[in-house]
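# Geometric and topological summary
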Amino acid sequence: TRDLVSEPGNILHPDEYVKRILKLRKIGLKVIVYNKEKLKKLGCNALLGVGQGSVRGSYLVTIEWNGNRTKSKPLAFVGKGVCFDTGGISLKPAKFMEDMTYDMAGSATVVGLMKTLALRKSKINAVGVVGLVENMPGGNAQRPGDIVKSYSGKTIEVLNTAAEGRLVLADAI
């Protein structure tokens with residue numbers, strides 16, 4: 001978790017983050033990656049809207065650990081993985097923007113937890129879900145006033161593009 005959070009945005013972006021999570025399959029975790037195309041089919045337009053200004057991919061990743069062989073329901077953990085958050089078109093002030101790499105700490109906590117459960121061979125069932133994006137002010141970026149339809153089917157009016165966390169979590173949850 002600490003290592004993920006400490007990486008700069010040019011090193012740990014959504015594409016690299018997915019590669020690192022996929023390596024967890026070696027220790028017995030089931031990892032499923034939903035890329036842009038799959039997310040469009042699912043209707044995860046809140047998450048996709050946040051990432052659409054970035055040249056990097058946007059992803060939703062599920063990580064499963066089944067340490068309890070009964071059919072018990074898993075514990076669920078959801079984390080926000082905004083690898084770099086400029087605020088999008090609603091640009092954040094330059095002061096402290098270098099700290100916007102920490103906007104993925106929730107997802108890093110979930111990934112670290114899932115890794116720990118597998119390494120300890122924990123006798124529980126758990127699933128972690130992380131939404132991985134960059135919130136950038138590119139030419140295709142989401143605009144204030146845009147309306148997106150979330151995975152749940154609810155529509156969301158985006159009044160400020162710096163509200164990215166709520167949008168990512170809306171689809172991830």
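Residues numbered from 1 in each chain as written. Predicted model: local features only at pLDDT ≥ 70, side-chain atom pairs only at ≥ 80, totals over all residues. Heavy atoms only, no water.

## Looking at the pattern of salt bridges
Once the charged atoms of two side chains with opposite charge are near each other, the side chains can pair. Note the following rule: For salt bridges, the criterion is a side-chain nitrogen of Lys or Arg within 4 Å of an Asp or Glu carboxyl oxygen. When a residue's accessible area, from a 1.4 Å probe over protein chains only, is under 20% of the maximum for its type it is buried; when over 50% it is exposed; and in between it is partly exposed.
Scanning the entire structure with this criterion turns up 6 salt bridges. In this structure, the salt-bridge partner of D85 is K92, at a minimum N-O distance of 3.4 Å. A salt bridge links D146 to R143; the nearest nitrogen and oxygen atoms lie 3.3 Å apart. Under the relative-accessibility criterion, D146 is labelled buried at 16%. One salt-bridge network, in which partners are shared between bridges, spans E7, E16 and R20.

## Points about the pairing of strand 2 (residues 59–66)
Within a regular strand, side chains alternate between the sheet's two faces. What counts, and what does not: The numbering of helices and of strands both runs from the N terminus, where a helix is a DSSP run of H or I of at least 4 residues and a strand a run of E of at least 2. At least two bridges found by DSSP between two strands are what make those strands a pair.
Burial runs high along strand 2: 6 of the 8 residues are buried. Pairing of strand 1 (residues 30–34) with strand 2 involves 5 bridges; the strand directions are antiparallel. By the bridge assignment for strand 2, V31 is matched with I63.

## A word on the environment of G139
Residue position: G139 is located in the loop between strand 4 (125–135) and strand 5 (147–149). A sequence separation of 56 residues divides G139 from C83, and the C-alpha atoms of the two residues are 19 Å apart.

## Observations concerning the sheet that holds strand 2
Counted only if it meets this: Every axis in this analysis is a line fitted to C-alpha atoms, fitted for helices over the stretch in contact. Angles between the N-to-C directions lie between 0 and 180 degrees.
Read across the sheet, 4 strands follow the order 1-2-4-3 without closing on themselves; strand pairing throughout is mixed. For this open sheet the edge positions go to strand 1 and strand 3 (75–85), each flanked by a neighbour on one side alone. This sheet shows a mean twist of 15° between the axes of neighbouring strands, independent of strand direction. Of the strand pairs in this sheet, strand 3 and strand 4 are connected by 10 bridges, and their pairing is parallel. Pairing of G79 across the sheet is with V130, part of strand 4.

## Some thoughts on helix 6 (residues 164–172)
The following threshold applies: This arc is built from the directions going out from the helix axis to the C-beta atoms.
For helix 6, every residue scored as buried is listed here: E164, G165, L167, V168, D171 and A172. Along the long axis of helix 6, the arc covered by the buried residues comes to 165°, so they all point the same way.

## Brief notes about helix 5 (residues 105–119)
As a reminder, the rule being used: Expected span of a helix: the number of residues minus one, times 1.5 Å. Note on contacts: a residue pair is in contact if any heavy atoms of the two residues lie within 4.5 Å.
The terminal C-alpha atoms of helix 5, which comprises 15 residues, lie 21 Å apart, in line with the 21 Å expected from a rise of 1.5 Å per residue. Among the residues of helix 5, those classed as buried are S107, A108, V110, V111, G112, M114, L117 and A118. Buried residues in helix 5 make contact with helix 1 (2–6), helix 2 (14–22), strand 2, strand 3 and strand 4. Backbone geometry just after helix 5 places K121 at a positive phi near 55°.

## Brief notes about the environment of A162
Within the secondary structure layout, A162 lies in the loop between strand 6 (155–157) and helix 6. Along the chain, A162 and Y34 lie 128 residues apart, while their C-alpha atoms are 24 Å from each other. With near-sequence residues (within four places) excluded, A162 lies in contact with G87, S90, K92 and N135.

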